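# Per-entry structural report
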Amino acid sequence: MPMKLFKCDESIPEREKHIYIKEKGEDTTQFLPSAHVETIPGSLSERGCSYCGAKLVIGGVLKDTIQLIHGPVGCAYDTWHTKRYPSDNGNFQLKYVWSSDMKEQHVVFGGEKLLKKAMLEAFAEFPDIKRMMVYTTCSTALIGDDIKPVVKEVEKELGDVDIFTVECPGFAGVSQSKGHHVFNMGWMTDKVGTFEPEITSPYTINVIGDYNIQGDTFVMEKYMEKMGIQIIAHFTGNGTYDSLRGMHRAQLNVTNCARSAGYIANELKKKYGIPRIDVDTWGFDYAKEGLRKIGAFFGIEDRAEAVIAEEVAKYESKLEWYKERLSGKKVCIWTGGPRLWHWTKALEDDLGMHVVAMSSKFGHQEDFEKVIARGEEGTIYIDDGNELEFFEVLEMVKPDLVLTGPRVGALVKKLHLPYVNGHGYHNGPYMGFEGAVNMARDMYNAIYSPLMKLAQIDIRGEQMKTVIPEENRKLIGSEVQQSKSPEITSTEPIAPIESSKVDTQPLLVPANQPLPWESEVQQSKSFDITSTEPIAAFESSKVETQPLPLPADKPLPQESEVQQSKSFNIILTEPIAAFESSKVETQPLPLPADKPLPQWQQTGGKFSAFLEQLPKYLGRFSTEYQLPILCFSAIITVTIAVKIILAVLDVINEIPQVSLALELTGIGYLIWFVFRYLFKASTREELAAQISFIQKEIVEGQDS
């Protein structure tokens, strides 16, 4: 049975439907992993939420638009600076993040007023920006904030702004794919066709599903410019708000990421009759095929071939160099969705690598159908993989490299496996011919980096040999054991030395290889450190000394002796496990016991000791006399308050008009009270009942 239940999933057997291992001669359409369904409880998903799919993946890439998130500030921070999509206007979209900053009181009483205030403030802070997108989040959707009327109020009030609303809270779908769909359909319904772009070429296209990760868009723009094709809109890499409003004027939709942007391409075909072609733009063969498709559509195949020839001549030899070194290497691709089938054949055909495992966070079944059709036999396919499954897969396939995002990448690095960022790239762009070389270079550097081999050495075990010669350990005797501080000796007069520093780096020596001591060099350029145990790490150690005076009866050593002695001899009597940023500082020598301190020093010492103990005395006093202190403070506070009130009343009484008004008010209230409660027996009984109620409720503490 090709569907696989991993050992780690025995407690959640439903995961078997989500894992497939391709076998020979199978009808893969009968064994597609279950995809685009709710995450099974107990499986820790790596998916993003629906709001993230709308804001982070699509809307947040636009370079001239305020992206205002209506919700807690964490929802804004989580989608800020996490994607590498630059722009040619100074990366405006990467520098700033906007949020209405919902708090608890706004969740209780509503946040629509807060949203309007935040929108007006954002436009005021960026007067040159006239376009905005407003996103709902889980909290604002749950309390029912209606953002569209607020948007209309702001548009009417400011006049020259245009605002798009994205109502897709995080809980709206099973993954971020829901956010892709909501944004696509909303933009198509509300904004496409509301702006007329300037047409400068007889050949016009929309590039859909291109987000300019580390400059991918710029590569595509270069190819199209050489072919004489105008790009009306990038959806949404390096794109503008208004260019996306004019997508209806393109003659062709070139779709790159079919999962996140295929919806709008289909809608443009239905409403405006714009045909769609899908291209793969990663890898040499795919880039050639994509350019030829576009050229054939417009009847300019010669231009496409000219671009292909130029790029191949420039980069083919470089790619061949990497192919020789990467051929046969095993790689896992654990990314979002379409890149599984974008990259599989490119790595296998262009570089001779073997894709042995693939995992998709938000792919649909049609995505798995494409990638399984392109993949090799024995490859593992996983929908919505979790951490324990990744561990088990790595043990099964033992890859040389993993292409994944930073979160799983951190896990992979802890296992001492190289990884390349498949979401934001390491050193992109990865699109097109030059991108294929960049990607191959990053994979080569990751696999062959000597740092990965060094990271596999566990310095806590027997692999590390101490840097201390064995014979020096024998010098440690009973006299040394009694000493618990470094002994610093010098054989020559030392001129004033301030902040002298000796920096060392960790030295790792294999167990079967003796340390190459060079006595002359070690005597002249380092400390001789003797310890009773191995030193695990000796980093940035610093020894600071003060001038040591020579006895008057001791002559200066000869120059030759001075040249020979240029180091301290430090003998440590305790084990050193980690010696980082250590500092040995000398203290002033105490005066001999037979020479008492001067009177002023004795007085100063006593005063200093008193100041040190003063907080303890005050704390003890406040603890013992807490009640009297509180009573005294209350009396003082009440007295001051009464004095202030009386003073205020005296000032008021000195104003004739105010005094007369207060007297008339008092007389009027007295008359009202008499007529209200005292004239009739029924009202007197009502007054008596109220007085009785107050007595029971306040005085006696009873509720009636």
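Whatever comes next refers back to the structure up there.
Let us look at the structure shown here. Because the structure is predicted, anything quoted here is derived from the model rather than measured.

### Focus: the pairing of strand β11 (residues 354–360)
- When you tally the buried positions in β11, you get 6 out of 7 residues, the bulk of the element.
- Relative to β11, strand β10 (residues 330–335) runs parallel, the two sharing 6 bridges. Bridge pairing links Val331 to Val355 in β11.
- Running through helix α14 (residues 339–351), the crossover from β10 to the neighbouring parallel element β11 is right-handed.
- Note that β11 and strand β12 (residues 380–383) share 4 bridges and pair parallel. Among the inter-strand pairings, Ser359 is bridged to a residue of β12, identified as Ile382.

### With respect to unusual backbone geometry
- Residues Phe235 and Thr236 are joined by a peptide bond in cis, for which omega reads 5°.
- That bond from Gly428 to Pro429 is cis: its omega, 5°, falls within 30 degrees of zero.
- Residue placement: Pro429 occurs in the loop between β14 (419–421) and α18 (432–448).
- A positive phi angle, near 55°, is found at Asn212, a position not held by glycine.
- Examined against the element boundaries, Asn212 turns out to sit in the loop between β6 (204–210) and α9 (216–227).
- Unusually for a residue other than glycine, Lys398 sits at a positive phi of about 45°.
- Mapped onto the elements of the fold, Lys398 is located in the loop between α16 (387–397) and β13 (401–404).

### Focus on the pattern of salt bridges
- For the coordinates displayed, the defined rule picks out 31 salt bridges.
- Here Glu434 ties to Lys222 by a salt bridge, and the two come within 2.7 Å at their closest N and O atoms. Placement of the pair is Glu434 in helix α18 and Lys222 in helix α9, with a sequence separation of 212 residues.
- A relative accessible area of 18% places Glu434 in the buried class.
- In this structure, the salt-bridge partner of Arg276 is Asp278, at a minimum N-O distance of 2.7 Å.
- In this structure Arg276 comes out as partly exposed when scored by relative accessible area, which is 24%.

Reading the values: rules and limits
Residues numbered from 1 in each chain as written. Predicted model: local features only at pLDDT ≥ 70, side-chain atom pairs only at ≥ 80, totals over all residues. Heavy atoms only, no water. Buried < 20%, exposed > 50% of the residue type's maximum accessible area, 1.4 Å probe, protein only. Helix = DSSP H or I, 4+ residues; strand = E, 2+ residues; numbered from the N terminus. Pairing = 2+ DSSP bridges. Right-handed = clockwise from strand over helix to strand, strands pointing away. Salt bridge = Lys/Arg side-chain N within 4 Å of Asp/Glu carboxyl O.

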